[in-house]
Amino acid sequence: MTDTGPLDDTDDTGGTLSSSYQAPESEQLLRRVGDIISGARPMPLSASVMINRDEVLQLLEDAIERLPDELRAARWLLKEREEFMAKARRDAEDVMAEARARAERMVQRTEVVKAAELRARQVVDAANEEASRVRLECEDYCDQRLGSFEIVLERTLKVVAAGRQKLQGKAPNEGMVAEAGAEPDRSSAFFDQDLG
């Protein structure tokens, strides 16, 4: 019987080394049993072979003893793989969630900027319309006031001209006298109306 030694999956500090894991020793032992059987001398006139029963039994017992350690190591490797895959999935989900959140923030910022630009355009357009309306109203008001002031001035000029002619002793024109004489006090009425 050959002792293959214990399964060594720990380092000097007692920690488990995944890199020190090798092919299962029980598999090697079973292969040795197979080699012994296939290399055994056949018995004369028979299909049976002669093998060393003690050697084969010892190899089989060693393989059976190694199985729990190797199964534990295999389970440990599977667990490590599952934990690694779960961590990789969590990391991928975190990256995707962060990317989605960032994309949403960028879209929201874009939407906010678009909404702000639209609102700014609306405010500017409304202000331009209001300014145009106020300007037109102001022009209309000034035109009305200037028109009425022009009428008052024309009448005042006629009254002044008629008064000067009267002072100079000239007879005023009939049209002027009729207009100036008929309404001598109306010029003051126009000024009062404008002041009120």
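Our structure is the block above this text.
Residues numbered from 1 in each chain as written. Predicted model: local features only at pLDDT ≥ 70, side-chain atom pairs only at ≥ 80, totals over all residues. Heavy atoms only, no water.

> Residue-level account of the environment of glutamate 61, with values.
Following the sequence through the fold, glutamate 61 ends up in helix α2 (residues 53-167). The sequence separation of glutamate 61 and serine 26 amounts to 35 residues, and the corresponding C-alpha distance is 9.5 Å. (Helix = DSSP H or I, 4+ residues; strand = E, 2+ residues; numbered from the N terminus.)

> Tell me about the packing of helix α1 (residues 25-38) against α2, and name the residues and values.
Each pair of packed helices can be described by the angle between their axes along with the distance between the axes. With their axes 7 Å apart at the nearest point, α1 and α2 run at an angle of 160° to one another. By the angle class used here, α1 and α2 are roughly antiparallel. Of the two possible hands of crossing, α1 and α2 adopt the one that is left-handed. In contact with Glu25, Ser26, Glu27, Leu29, Leu30, Arg32, Val33 and Ile36 of α1, α2 contributes Glu55, Val56, Leu59, Leu60, Asp62, Ala63, Arg66, Leu67 and Glu70. The residue inventory of the contact of α1 with α2, partitioned by class, reads nine nonpolar, one polar and seven charged. (Axes fitted to C-alpha atoms, helices over the stretch in contact; angles between N-to-C directions. Parallel < 35°, antiparallel > 145°, perpendicular 65-115°, else oblique. Left-handed = near helix turned anticlockwise from the far one by under 90°. Contact = heavy atoms within 4.5 Å. Nonpolar A, V, L, I, M, F, W, Y, C, P; charged D, E, K, R; others polar.)

> Can you tell me about a nonpolar patch on the surface, naming the residues and giving the values?
Taken together, the side chains of Ile37, Val49 and Ile51 present a nonpolar region at the surface, about 210 Å² in accessible area. Summarising the element assignment, isoleucine 37 is placed in helix α1. We classify isoleucine 37 as partly exposed; its relative accessible area is 40%. (Patch = residues over 30% accessible without salt bridge, like charges linked within 9 Å, V, L, I, M, F, W, Y side chains within 5 Å. Areas by Shrake-Rupley, 256 points an atom, 1.4 Å probe, with all protein chains shown as cover. Salt bridge = Lys/Arg side-chain N within 4 Å of Asp/Glu carboxyl O. Buried < 20%, exposed > 50% of the residue type's maximum accessible area, 1.4 Å probe, protein only.)

> Explain the nonpolar core to me, using residue names and the numbers behind them.
Leu29, Val33, Val56, Leu59 and Ala63 together form the largest nonpolar core, which totals five residues. When residues of this core are traced back to their parent elements, those giving at least two are α1 and α2. Among the elements that make up this core, the one with the highest residue count is α2 (three residues). Ignoring sequence-local partners within four residues, the contact set of alanine 63 consists of Ser26, Leu29 and Leu30. (Core = buried A, V, L, I, M, F, W, Y, C linked by side-chain atoms within 4.5 Å.)

> I'd like a rundown of α2, residues and numbers included.
Counted at 1.5 Å a residue, the expected span for α2 with its 115 residues is 171 Å, and the 166 Å between its end C-alpha atoms agrees. Its axis deflected by about 35° at leucine 67, α2 carries its strongest bend there, up to four residues before the proline proline 68. Listed in full, the buried residues belonging to α2 are Val56, Leu59, Asp62, Ala63, Arg66, Glu70, Ala73, Val152 and Ala162. Looking one or two places after α2, you find glycine 169, whose phi comes out positive at around 85°. (Expected span 1.5 Å × (residues − 1). Bend = angle between axes of the 7 residues up to and from the residue.)

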